[in-house]
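# Topology and contacts: notes
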Amino acid sequence: MNRGVEEERARIPMSQRPEWADIRPVPQYDGPNPVVPIAYTDEFSETMDYFRAVYLADERSPRALQLTKEAIFLNSGNYTVWQFRRLILDALNVDLHEELHFVDQITKDNSKNYQIWRWVAEKLGTQIASKELEFTREIFSQDAKNYHAWSHRQWVLQALGGWENELAYCDELLEDDIFNNSAWNQRYFVVTRSPLLGGLEVMRDSEVAFAIKAILAKPENESPWRYLHGLYKNDVNSLVNDPRVASVCLDVLLDKRDCVHALNMVLDLLSHHHQPSNELKDAVDAVSPDPKPSDSNFAERVCSILQLVDPIRASYWRWRKTSIPAQD
Amino acid sequence: MEDQEYWESDPELLDFDRDRHIYYLLMMYQLLPSPYQGQEINRLTLAYFVISGLDILRALDRIDKEAVINWVLSLQAHPRNDSTLEKGQFYGFHGSRSSQFQSNNNGAAILNGSHLASTYCALAILKTVGYDLSLIDSELLLKSMKDLQQPDGCFMPIHTGGETDLRFVFCAAAICSMLGNWNGMDREKAKEYIVNCQSYDGGFGLIPGSESHGGATYCAVASLKLMGFIEEDLLSKKASCHIINVPLLLDWSLQKQAQDGGFQGRANKPTDTCYAFWVGGVLRILGADTFINESALRGFLSTCQSEYGGFSKFPRLLPDLYHSYYGFCAYSLLKEPGLNSLCVELGITDVAAVGL
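These numbers come from a predicted model, not from an experiment. (Residues numbered from 1 in each chain as written. Chains lettered and ligands numbered in written order. Predicted model: local features only at pLDDT ≥ 70, side-chain atom pairs only at ≥ 80, totals over all residues. Heavy atoms only, no water.)

### Focus: the overall build of chain A
If you tally the helices and strands in chain A, you get 18 helices and zero strands. Taken over C-alpha atoms, the radius of gyration comes to 28 Å for chain A, far larger than the 20 Å a tight globule of 328 residues would show. Within chain A, buried positions represent 55% of all 328 residues. Pairs at least 24 apart in sequence give 62% of the contacts found in chain A among residues at least 6 apart. When the accessible surface of chain A is totalled, it reaches about 14800 Å², and 49% of it is carbon and sulfur. (Helix = DSSP H or I, 4+ residues; strand = E, 2+ residues; numbered from the N terminus. Rg over C-alpha atoms; globule rule 2.2 N^0.38 Å. Buried < 20%, exposed > 50% of the residue type's maximum accessible area, 1.4 Å probe, protein only. Contact = heavy atoms within 4.5 Å. Areas by Shrake-Rupley, 256 points an atom, 1.4 Å probe, with all protein chains shown as cover.)

### A few points about helix 12 (residues 222-231) of chain A
Counting buried positions along helix 12 of chain A yields 10 of 10 residues, so the element is predominantly enclosed. Within helix 12 of chain A, burial applies to Glu222(A), Ser223(A), Pro224(A), Trp225(A), Arg226(A), Tyr227(A), Leu228(A), His229(A), Gly230(A) and Leu231(A). Of the surrounding elements, those touching the buried residues of helix 12 of chain A are helix 10 (181-193), helix 11 (200-217), helix 13 (236-241), helix 14 (243-254) and helix 15 (260-271) of chain A together with helix 9 (246-255) of chain B. You can read the cap of helix 12 of chain A off the contacts: a side-chain oxygen lies 3.1 Å from the backbone nitrogen of Ser223(A), and it is on Asn221(A). (Polar contact = N/O pair within 3.5 Å; in protein donor to acceptor, adjacent residues only side chain to side chain.)

### Let's talk about the packing of helix 10 (residues 275-286) of chain B against helix 12 (residues 321-333) of chain B
All names here are of chain B. Across the interface, helix 10 lies against helix 12 with an axial gap of 9 Å and an inter-helix angle of 30°. It follows from the interaxial angle that helix 10 and helix 12 lie roughly parallel. Handedness of the helix 10/helix 12 crossing: left-handed. Judged by residue contacts, Ala276, Phe277, Trp278, Gly280, Gly281 and Arg284 of helix 10 engage Tyr322, Tyr326, Cys329, Ala330 and Leu333 from helix 12. (Axes fitted to C-alpha atoms, helices over the stretch in contact; angles between N-to-C directions. Parallel < 35°, antiparallel > 145°, perpendicular 65-115°, else oblique. Left-handed = near helix turned anticlockwise from the far one by under 90°.)

### A closer look at the state of the cysteines
Residue and element names in this part refer to chain B. Counted under the stated rule, the structure contains zero disulfides over all chains. No disulfide involves Cys121; its nearest neighbouring cysteine sulfur is the one of Cys171, lying 7.0 Å away. Among the cysteines around Cys197, which has no disulfide bond, Cys154 carries the closest sulfur, lying 7.0 Å off. (Disulfide = S-S within 2.5 Å.)

### A few points about the interface of chain A and chain B
Listed as interface residues are 63 residues of chain A and, on the opposing side, 73 residues of chain B. For the pair chain A and chain B, the two sides together bury roughly 6000 Å², of which 53% comes from carbon and sulfur. Counting the contacts that link chain A with chain B gives four salt bridges. Here chain A and chain B share 31 residue pairs in polar contact (both at pLDDT 80 or more) between them. Looking at the side of chain A that touches chain B, the elements with two or more residues in it are helix 2 (42-57), helix 4 (79-92), helix 8 (147-160), helix 10, helix 12, helix 15 and helix 18 (314-322) of chain A. No other element matches helix 10 of chain A, which puts seven residues into the side of chain A that touches chain B. Of the residues that constitute the side of chain A that touches chain B, the class distribution is 27 nonpolar, 24 polar and 12 charged. (Buried area = accessible area lost by both parts, 1.4 Å probe. Salt bridge = Lys/Arg side-chain N within 4 Å of Asp/Glu carboxyl O. Nonpolar A, V, L, I, M, F, W, Y, C, P; charged D, E, K, R; others polar.)

### What about the nonpolar core?
All names here are of chain B. Formed by 226 residues in total, the largest nonpolar core has its most connected members in Tyr48, Phe93, Tyr120, Leu166 and Leu321. Element by element, the count of residues in this core is highest for helix 6 (residues 166-179), at 12 residues. Not counting chain neighbours up to four residues away, the residues in contact with Leu321 comprise Tyr24, Leu25, Met28, Leu32, Tyr36, Leu46, Phe49 and Val50. (Core = buried A, V, L, I, M, F, W, Y, C linked by side-chain atoms within 4.5 Å.)

### Some thoughts on the packing of aromatic side chains
When we look at a pair of aromatic rings, we describe it by the centre distance and by the angle of the planes. All names here are of chain B. Summed over all chains, the structure comprises 38 aromatic pairs over all chains. Between Phe49 and Tyr326, the ring centres sit 5.8 Å apart and the planes meet at 75°, which makes this aromatic pair edge-to-face. Of this pair, Phe49 sits in helix 2 (residues 43-56) while Tyr326 sits in helix 12, and the two are 277 residues apart along the sequence. Note on accessibility: Phe49 and Tyr326 belong to one class, buried. With 5.5 Å between their ring centres and 25° between their planes, Phe277 and Tyr326 make a pair best called stacked. Of the two residues, Phe277 is situated in helix 10 and Tyr326 in helix 12; the sequence distance between them amounts to 49 residues. Using a relative accessible area of 6% as the deciding quantity, one classes Tyr326 as buried. Here a set of aromatic residues connected by ring pairs shows up, and it is made of Tyr48, Phe49, Tyr120, Phe170, Tyr218, Phe277, Trp278, Tyr322, Tyr325 and Tyr326. (Phe/Tyr/Trp six-rings, centres within 6.5 Å; stacked < 30°, edge-to-face > 60°.)

### A look at the pattern of salt bridges
Residue and element names in this part refer to chain B. This structure, assessed with the given rule, holds 33 salt bridges over all chains. Between Asp165 and Arg167 there is a salt bridge; the shortest N-O distance is 2.9 Å. A relative accessible area of 26% places Arg167 in the partly exposed class. The residue Glu336 makes a salt bridge to Arg298 at a minimum N-O spacing of 2.9 Å. Here the residue Glu336 occupies a position in the loop between helix 12 and strand 1 (342-343), and Arg298 occupies one in helix 11 (residues 294-304), the gap between them amounting to 38 residues.

### Regarding the confidence of the model for chain B
The pLDDT averaged across chain B works out to 91; a share of 89% of its residues lies at or above 70. For this predicted complex, the interface score ipTM comes out at 0.93, alongside a pTM of 0.93. (pLDDT = per-residue confidence, 0-100.)

### A few points about helix 16 (residues 278-287) of chain A
Residues and elements named next belong to chain A. All of the buried residues along helix 16 are Leu280, Ala283, Val284 and Val287. Within helix 16, the buried residues cover an arc of 100° as seen down the axis, which keeps them to one side. Those residues of helix 16 that are exposed and angled more than 90 degrees off the buried face are Asn278 and Asp282. On its buried face, helix 16 sits against helix 14, helix 15 and helix 17 (298-309). (Arc of directions from axis to C-beta.)

### Points about the side chain of Glu70(A)
Locating Glu70(A) in the fold gives a position in helix 3 (residues 62-74). Beyond its immediate chain neighbours, meaning those up to four positions away, Glu70(A) contacts Arg17(A) and Thr47(A).

### A look at the packing of helix 8 of chain A against helix 10 of chain A
All names here are of chain A. For the pair helix 8 and helix 10, interaxial distance at closest approach is 12 Å and the crossing angle is 15°. The angle between the axes of helix 8 and helix 10 places the two elements in the roughly parallel class. In the packing of helix 8 onto helix 10, the handedness of the crossing is right-handed. Contacts between helix 8 and helix 10 involve Trp150, Arg153, Gln154, Leu157 and Gln158 on the former and, on the latter, Ser182, Asn185, Gln186, Phe189 and Arg193.

### Considering unusual backbone geometry
Residue and element names in this part refer to chain A. A cis amide bond, omega -5°, links Asp290 with the succeeding residue Pro291. Checked against the element boundaries, Pro291 lands in the loop between helix 16 and helix 17. Positioned with a positive phi, Asn234 is a non-glycine residue whose angle comes to about 65°. Secondary-structure assignment places Asn234 in the loop between helix 12 and helix 13. The class for Asn234 is exposed, based on a relative accessible area of 78%.

Shown next as structure tokens:
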């Protein structure tokens, strides 16, 4: 966390603070030829020198607690400081709700410290589940794809509960941004793991409808296509046999909109022995730019068209031709 | 559709400025600017970026290898005496002096804070500068590393606890591989954990249930490769790898190359220099890097190349060491002349991996 220049000027060096007069700071010994030395600021060096002193003396006092806070602001990834802070919190029997508030502030700036949350959360028990869900929700209002916040939210749900409104929350996020892949992933997480919803097979029907709606709104969006495919995980025959899947591909192609994902899905269906309708074949041929490929094998023709409409992956689509199973 | 894509138009954009990148790394080697102090705890990782970076650029002769070896070895955690061996501590390497304290006699419990990621970086650096790893006391390191493995196969980074995710599975696998000794982990359990991390869309998340992510996917695939669960050139030999869904992984990975030529880390997110290595590396391991549009990728990477040397995350930002290193790795994967080739799954050059 970066302190402003004015804050640095306003800071009183520890060597001038009377409450620290009895402590001899311990400098860092880097060895004779340190590699990649860092140009520490005076504030950083001094704070860490005093930290070393209290750590070696094992002083678990209120002033040591405050010192760990300052050290954490400067170097929030330093787990040695966090560990020592925990020892002090235990020794002083500090109110952990306050600590949670502090950790929340730090974590907002440095997303790598969610482990710290868990220690506090585990101590406070399930009562804080809703608080933690609220906290991650706040983070997502600024950064809806914050990876570590999403991991934390998943941990909270699984360890402490609070699933009731999660699917609705996913709805909300996707309404804000249908391209938010983190929200799609969370949706999958809820649908497959929530103890309140009955599992993937029960939810599949309504979720297929949801994905299709999203696809028709923005067919260039990779997320709902992956999600749709994912709803049939470990059951690809059901994917191939669900008429809605071929149907959404057809709709996208007929609309002559961005069709790369639709063509990829058609290719996937064909790879699993789906028998395409004439309507689908015609629609595929219609979106092909000129000169129209002449492969007699429909699946190969789809690959050729993909080479033209998705040129950045042309060599991949060319290779896909070689791995198409023989037509029945 | 244009007749010529923009990345094919301006050759000047495409030059990799090797000399300037070497100067940048040497500057960092001498002194890291203050903003890096927030990363003090893992200074060894920063050293790895510099040293492995210089190796990729074939400029390792510019540094004092003895000094590097001595400094890295000074960060190794050693037990004070035999009695401390029982307490489940990890005897790896510290990331810096911040977690390393001299023992004293006032009875305070000085926690051994050596870290799995720092251990990986330490060994990678030592291998890169040609140090003989058989000189390291690896038995204790590996035995204590095994204690970091969880029942579900994942790894903690430090023995006092910490977030467990695929990054540390990768570190453990790379450590065992470099030391030539798999006693440090249960490979079967690790494999199970990795398999559970494959998302419905084919990529891998850091934790089961997490969103698929380029970095996590690298950790998964590189680990499987190191542990021997993935064959060489999976696609060209048309071998089928049943433990993970390879076709879906392939499709997901290739889809991460966006229209600006760069790679995304996740679907619908901006492209970023480092994913050219994380995702490009996955494709290399799978034998599918021929499907990457190289001129488009070069076009993107050149816009992230800094006039000060190094690379930034996005175009027109200041460079940082992390994105610089992975920028160099990406150019190595693109077979840029004058660069050493990479052993992708270990994260060091082939020359370093092979050793003496």
